[in-house]
Amino acid sequence: MADLFGESDVGTAYYRSRDPVKNIKIRVNLRKVTSSSTVPQANLGEKSSSGVELRSIRRQQEGESRKDDELYLFDWQEKCFSAREFELYGNEANCETVLERKYHGDITKLRDKGRPNKRLFSYVDHDNFTSKDQLETNETTLPDAKPTLLAGRMASLRQRKVLSMRPTSDSAANVPRINIVELNPSKDKKDKNHFMHRPTQTMHIMADLGSGEQPSTDDDEFVLCTINVDSNGVVSVCPDFSRGRKPYRVETSTMGRDAFEYTLEHVSKQMTRQEQDREMKMYKELYTRHSEFLESCVGNEFEMPPADVLRLVVNGEILTAKNFEYDDLYIHYFLELPRNWFGSGHDQMSGVTHTCRCKIEGRDNIAHFSFPFRFEVFYKNDTINPNNRDDLPALPVLYFEVLSLDNWSRYRTEGYGYLNIPLKAGSSTKTIYCWRPLGNSHVSQLRRFFIGGCPELEDPTYTSTPTTFDGTHMSKYGFRTESTGEVTLRFNIIQQSRSFLDSNVSKKKVGTLIDRLGGAAIQANIMGVIQAFQDARQRMLSAREGIGYLKDLKIDDENENDDEDDREDTLMSSGLESGYSKLLTS
C-alpha cells in the first residue's frame, strides 16, 4: 500500500481552465532512494573494513538505483502499458472487447520499436480501474467505520477486473456464443459488464514498483497521481503538483521495503499575451451573442399586469387527508371567484385528485396525496365605496369535497370543507376540518353502509355563503351535520401589482386590504373630487374678478363726475369774485 509520508500537503488540488483538456501535460520523475535487497547486510559488514571495497559497493548500489530512475511526459489520456498489460494484451486469445483488440494492436507495434516506459504507466478513462484508496475510503471519521453495501457496490462498478491467461488453442478461442443472456451471472461477469456512466474523465498515473525478477501483480502497482476533469472545466489533481516542494514518497510492501520518490510537474504549453487577448475577445463576442439570443427568446422586460390590477398566483398542494371513515379517498375541488375577480382563461378552476389508500400512522388513518394545483386570477375594481359592504374586496374561496370509492364502484361523500385563499403572500400550511350532512332517519346511514350513497349538498358553496344568497343574515339552524376528518393543504402565494412598486419607491407602507386592492380606485375618486373643487374654485375666482372690475369701473365714473362738478363750482366762484371786484372799482 502506498505511504505518502514526509509530506504534509498531499490533498486534492482544484483548478479551473477554459482551455481544451487535451493540452494538459504532466512530467513525472520517479527515483529509487533505497534498495536494501541489492547488497546483503552480512556482506556489507564483512567488507566494511576496506574503504575501497566499501566505495565500490556504494557505486554499485547507486548504479542499481539509477537503473530504476525514470522520467516520462504524459499527455492527457495517453495510454502507457505496464509489464503485466504488455504480457496480457499481447496474447490475442485474451482480447474479447473492441478496446482489448485495440490494445493488442498497439502492443504489436510497440514490440518492434520497444517500450518507451519501464515502471511508469497509466490507466485512462476507458479502463476498468478503481484505486484501492477509493475502495477503502470511509464515509465517517470513525476508525472502525466500514463502507455501506451501496458504497461497496458503487465502487465495484469501476473496479478493475484481473483477467486470467487463456489458452491459445482454436477450440477455446472460437467457442460459439449461443446464449447471450446470463440468467444467473457470476460476480466476475457483473464486475466486467456493469459500468457506471460518469460525467467526468479520469486518468491515473501509475508505477510498477516490482523487483523485476518475478511477474508483476496488482500489489506491485501504485497510484502516483489521479487527474479528474469535469464538463465545467474543473481539473482536480491528487496529489497536487510538486512546485519545488519535497518530492512525494511511496514505499513498497514487499520483503525488501524499497522506497521511491517522485515529483509531478505541470509542463503544459503556456499561452502568449497575444493569444490570451485573442481568446478574451473571442469569449466576449461569444457571451454577447449568447445574451442577445437569450433576450430574443425571453425578452428583457419583466412581465407586469395591467395598471390598477392585482395578479394573484396560487401554487398549492393537497398534502394529506386523515381520520375519514372509509378508505380509497379522492378529493374534488374548485375555486369560486367573487365579484371583480376574473381568471386568465387558460387555467382550470376545478380538478379531481387521484384515489389514495390510507395507512395507519400512530392513531391516525392518513392518505398522502401530495397533489399539486395552480390558479392564476386577477382583481380590478374601478369604483369602490368603503361605506358599501358589497364594494369591499372579497378573496377567492376554495371549496372541496372528499369522497371514497370501494371495489364495487360505490362512492360515498366523506366530508365538505372550504378555505379562503390566504391574503398574505408567501408559504403557509392550512388544516381544514370537514363535515358531512346527515339524513333525518337511520335509513340514510343504512343506505350509506350497504349500497353506498348518502345525503349530498345540491350547492357545495352552502358550506360557506351560497352564491345565490342575497340578504344580510343567513341561518343554518336545523341542518344536521357530522364532523368527519381533516385535510391539510400547503400554499405558495405570489401577489403582483404595480402599486407595490410605487409604494416601494415612495417608501410608504401599504397596510390595509383596501389600499392594496382598491387604492387606485379610491385615489381616482379623490382626484376627481379635488379636480372638481379646483374647477369650481377657479370659476368662483373668475366671477369675483368680474364683479370687482365692474365696481372699479363705476367708482371711476363717479369720480369723474365729481371732478366735473368741482370744476364748474370753481369756475362759478371765480366768475362771481371777478364781477364783485369790478363793481367795487366802478
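Remember, predicted model here, so these are calculated numbers, not experimental data. (Residues numbered from 1 in each chain as written. Predicted model: local features only at pLDDT ≥ 70, side-chain atom pairs only at ≥ 80, totals over all residues. Heavy atoms only, no water.)

Asker: Could you give me a rundown of the sheet that holds strand β6 (residues 221-229), with the residues and numbers involved?
Answerer: Read across the sheet, five strands follow the order β1-β7-β6-β5-β4 without closing on themselves; strand pairing throughout is antiparallel. Only two strands of the sheet have a single partner each, and these edge strands are β1 (13-16) and β4 (120-123). Direction aside, the axes of adjacent strands within the sheet are offset by 20° on average. (Pairing = 2+ DSSP bridges. Helix = DSSP H or I, 4+ residues; strand = E, 2+ residues; numbered from the N terminus. Axes fitted to C-alpha atoms, helices over the stretch in contact; angles between N-to-C directions.)

Asker: Explain the packing of aromatic side chains to me, and be specific about the residues and the numbers.
Answerer: Across all of its chains, the model carries 19 aromatic pairs by this definition. An angle of 65° between the planes, with centres 6.4 Å apart, marks the rings of Tyr333 and Phe375 as edge-to-face. One end of the pair, Tyr333, is in strand β11 (residues 329-336); the other, Phe375, is in strand β15 (residues 364-379), and 42 residues separate them in sequence. Of the residues examined, Tyr333 reaches a relative accessible area of 7% and is grouped as buried. An aromatic cluster is present here, built from Tyr333, Phe371, Phe373, Phe375 and Phe491 joined pairwise through their rings. Arg412 extends its terminal NZ or CZ atom over the ring of Tyr326, reaching a point 4.1 Å from the ring centre. Across from the ring centre of Tyr462, 4.7 Å away, lies the NZ or CZ of Lys476, which sits over that ring. (Phe/Tyr/Trp six-rings, centres within 6.5 Å; stacked < 30°, edge-to-face > 60°. Buried < 20%, exposed > 50% of the residue type's maximum accessible area, 1.4 Å probe, protein only. Lys NZ or Arg CZ within 6 Å of the ring centre and 35° of its normal.)

Asker: Which residues make up the side chain of Lys79, and what values go with them?
Answerer: Examined against the element boundaries, Lys79 turns out to sit in the loop between β3 (70-75) and α3 (83-89). Owing to a relative accessible area of 19%, Lys79 belongs among the buried residues under this scheme. For Lys79, the side chain forms a polar contact with the main-chain oxygen of Ser122, separated by 3.1 Å. Within polar-contact distance, the side chain of Lys79 engages the side chain of Asp127 at 2.9 Å. (Polar contact = N/O pair within 3.5 Å; in protein donor to acceptor, adjacent residues only side chain to side chain.)

Asker: Before we move on, could you go through the pattern of salt bridges and cite the residues and values that matter?
Answerer: Under the criterion given, the structure shown has 23 salt bridges. Of the charged contacts in the structure, one is a salt bridge between Glu265 and Arg27, with a shortest N-O distance of 2.7 Å. Of this pair, Glu265 sits in strand β9 (residues 259-266) while Arg27 sits in strand β2 (residues 25-34), and the two are 238 residues apart along the sequence. Through salt bridges with shared partners, a single network forms among Arg31, Arg249 and Glu261. (Salt bridge = Lys/Arg side-chain N within 4 Å of Asp/Glu carboxyl O.)

Asker: Hey, could you go over the side chain of Gln495 for me, with residue numbers and the actual values?
Answerer: Following the sequence through the fold, Gln495 ends up in strand β19 (residues 481-496). Judged by relative accessible area, Gln495 falls into the buried class, the value being 17%. Reaching out from Gln495, the side chain makes a polar contact with the backbone oxygen of Leu423 at a distance of 2.4 Å.

Asker: Describe the confidence of the model for the protein chain, with residues and values.
Answerer: For the protein chain, the mean per-residue pLDDT works out to 76, and 69% of the residues sit at or above 70. Element-level pLDDT for the protein chain is lowest in helix α7 (residues 170-173), with a mean of 42, against a maximum mean of 94 in β11. Contacts for the low-pLDDT stretch residues 36-49, under 50 throughout, to residues beyond four places or in other chains number eleven contacts. Every residue in residues 509-515 scores below 50 in pLDDT, and together they form ten contacts with partners more than four places removed in sequence or on other chains. (pLDDT = per-residue confidence, 0-100. Contact = heavy atoms within 4.5 Å.)

Asker: Kindly report on helix α9 (residues 273-298), identifying the contributing residues and their values.
Answerer: Spanning 26 residues, α9 covers 37 Å between terminal C-alpha atoms, matching the ideal 38 Å at 1.5 Å per step. Two residues or fewer after α9 comes Gly299, characterised by a positive phi angle close to 100°. (Expected span 1.5 Å × (residues − 1).)

Asker: With reference to specific residues and values, describe helix α4 (residues 98-113).
Answerer: Its 16 residues give α4 an end-to-end C-alpha distance of 23 Å, which sits within 8% of 22 Å, the value for a rise of 1.5 Å per residue. Listing the buried residues of α4 in full gives Glu100, Tyr103, His104 and Ile107. The arc that holds the buried residues of α4, viewed along the axis, is 105°, so those residues lie on one side. Exposed positions of α4 whose direction lies more than 90 degrees from the buried face are Val98, Lys109, Asp112 and Lys113. Positive phi shows up at Gly114, right after α4, with a value of about 100°. (Arc of directions from axis to C-beta.)

Asker: I'd like a description of the environment of Thr461, backed by residues and values.
Answerer: With respect to the helices and strands, the residue Thr461 is situated in the loop between α10 (443-450) and β19. Sequence separation of Thr461 and Tyr399 is 62 residues, and the distance between their C-alpha atoms is 7.1 Å. With sequence-adjacent residues up to four places away left out, Thr461 is seen in contact with Phe334, Glu336, Tyr399, Pro466 and Thr467.

Asker: I'd like a rundown of a nonpolar patch on the surface, residues and numbers included.
Answerer: Together, Leu446, Phe449, Phe450 and Ile451 line one region of the surface with nonpolar side chains, adding up to about 470 Å² of accessible area. Of note, Ile451 is situated in the loop between α10 and β19. Judged by its relative accessible area of 59%, Ile451 is exposed. (Patch = residues over 30% accessible without salt bridge, like charges linked within 9 Å, V, L, I, M, F, W, Y side chains within 5 Å. Areas by Shrake-Rupley, 256 points an atom, 1.4 Å probe, with all protein chains shown as cover.)

Asker: How would you explain the pairing of β15 if you had to name every residue and give the values?
Answerer: The pairing of strand β10 (residues 310-322) with β15 spans twelve bridges and is classified as antiparallel. When the bridges of β15 are listed, Val313 appears paired with Glu376. Looking at chain direction, strand β12 (residues 341-343) and β15 are connected through three bridges and run antiparallel. Directly across from Trp341, in β15, lies its bridge partner Tyr379. Of the strand pairs in this sheet, strand β14 (residues 359-361) and β15 are connected by three bridges, and their pairing is antiparallel. When the bridges of β15 are listed, Ile360 appears paired with Asn365. Hairpin connection of β14 to β15: two residues between the antiparallel strands, including Gly362 at a positive phi of 70°.

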